[in-house]
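The residues making up each chain are set out below.
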Amino acid sequence: MNALPAHLHLFIDLNDGCNLKCSMCGPRANLRDQKVLPLELFKSRVAPIFARVADFQLGCACEPLMLPYLGEALGLMRQHMQPHLRGQIITNGTLLKEETARILLESGVLGKVRISIDGATAQTYEDIRKGARFAKVMDNVARLCELRTKGGHDVLVEFNYTVMRNNYAELPRLIHLASKLGVDSVTTHKLAPFDLRFIDEAFKRAVTASLDEAADMAKLLGVAFLSPDYRTESEFAAWERNACLAPRDGFRLDPEGFLTPQCHAAQKNGPVGNLLLQNVEEILSSGNFGHYRSCIDHPGLSQCDLCLHFGGA
Ligand code: SF4
Ligand code: SF4
């Protein structure tokens, strides 16, 4: 058993491509000439740091099921990560064929599979998730849930929903769908950057009614449901923000080996290091890691005002 303290929270993209072109996504949409961190480098330079990883999400800004060595990567993470710890994967679900579903369920290192679904009807979903087919993704999710149940795998399945003006009304229907398919939970999040700080009164009323109905439905059907608070401009101004809600020691790992802090203030100094060029001890004692720690330990309006992680009670 590894005695190193596990404290890193990693958001990992080992490849930077995606097979879709979603309406709300940025420049990565439909990127086909993806960069991929080579397997040999993942094995020798990156996998060993999983001894220090407390949790991770595979897939941050890209589609992880396009990674050519997905099974091997999960196996290597399991080999190094402490046995009681688990991470998660987030995917658009379009490439979740049976063989891939089995790889995820049997990896032993994933506690949750998250699938991004931004609509409960084919029309809404396909208008947003351009290039995806609703019926096919639903079939993929149903098969994943069935394999999970039949195999007795201790892996949760979750829908991840970006709330937008053209899809918020379908949330209660999505809860029904989740329950029918065997999906355990639905989480919603705000559309960035537009709705992160505040929304207008009319949208707040409409979105809150839909979220409340979804929450009631979820309670009735036994689906876990999580949604953020929405604020109008005046509510946002009155909100006393004084806490950093980012995971401490939270970093994005990209396909070129860079570790970039989740802290927006610390990001101004660039990555804390590069796993292909430095060992983890060097990175943890670097000036940029010290700067990151100092930012995250001192949240305040002057550095955090525009940060999505800045909040309060
Ligand atoms: S699936 Fe995710 S990464 Fe791909 S285009 Fe859609 S939002 Fe962007
Ligand atoms: S900018 Fe502030 S709130 Fe945001 S992650 Fe850094 S310390 Fe936390």
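Residues numbered from 1 in each chain as written. Chains lettered and ligands numbered in written order. Predicted model: local features only at pLDDT ≥ 70, side-chain atom pairs only at ≥ 80, totals over all residues. Heavy atoms only, no water.

1. Section: the site of ligand 2
In the region of ligand 2, the neighbouring residues are Cys244, Ala246, Cys263, His264, Ala265, Cys295, Ile296, Gln303, Cys304, Cys307, His309 and Phe310. Elements represented by at least two residues in the shell around ligand 2 include exactly helix H10 (287-296) and helix H11 (301-304). (Near = heavy atom within 4 Å. Helix = DSSP H or I, 4+ residues; strand = E, 2+ residues; numbered from the N terminus.)

2. Remarks on the nonpolar core
One finds Leu14, Phe42, Phe50, Phe56 and Phe159 to be the most contacted residues of the largest nonpolar core, which totals 84 residues. If near-sequence neighbours (up to four positions away) are discounted, leucine 14 is found in contact with Lys35, Val36, Leu37, Phe42, Leu58, Leu67, Tyr69, Ala73, Leu253 and Pro255. (Core = buried A, V, L, I, M, F, W, Y, C linked by side-chain atoms within 4.5 Å. Buried < 20%, exposed > 50% of the residue type's maximum accessible area, 1.4 Å probe, protein only. Contact = heavy atoms within 4.5 Å.)

3. Some thoughts on the site of ligand 1
Taken together, Cys18, Leu20, Cys22, Cys25, Ala61, Asn92 and Arg129 are the residues near ligand 1. Class assignment of the residues belonging to the shell around ligand 1 gives a composition of 5 nonpolar, 1 polar and 1 charged. (Nonpolar A, V, L, I, M, F, W, Y, C, P; charged D, E, K, R; others polar.)

4. Description of the pairing of strand E3 (residues 87-91)
For E3, the buried fraction is high: 4 of the 5 residues fall into the buried class. Direction of pairing for strand E2 (residues 53-58) relative to E3: parallel, over a ladder of 2 bridges. By the bridge assignment, glutamine 57 is partnered in E3 with glutamine 88. Read as a crossover between parallel neighbours, the route from E3 over helix H3 (residues 98-106) to strand E4 (residues 110-116) is right-handed. (Pairing = 2+ DSSP bridges. Right-handed = clockwise from strand over helix to strand, strands pointing away.)

5. A look at the environment of leucine 14
Structurally, leucine 14 is set in the loop between strand E1 (8-12) and helix H1 (39-46). Considering only alpha carbons, one finds leucine 14 and leucine 37, 23 residues apart in sequence, at a separation of 5.4 Å.

6. Some remarks on the sheet that holds strand E11 (residues 273-274)
Taken in spatial order, the 10 strands make up an open sheet running E7-E6-E5-E4-E3-E2-E1-E9-E10-E11, and their pairing is mixed. The open sheet is flanked by strand E7 (224-226) and E11, the only strands paired with a single partner. One ladder, built from 5 bridges, connects E3 with E4; its direction is parallel. Residue pairing across strands places glutamine 88 opposite lysine 112, the latter belonging to E4. Those strands touched by helix H2 (residues 70-80) are E1, E2, E3 and E4, and its axis lies near 170 degrees from that of E2. (Axes fitted to C-alpha atoms, helices over the stretch in contact; angles between N-to-C directions.)

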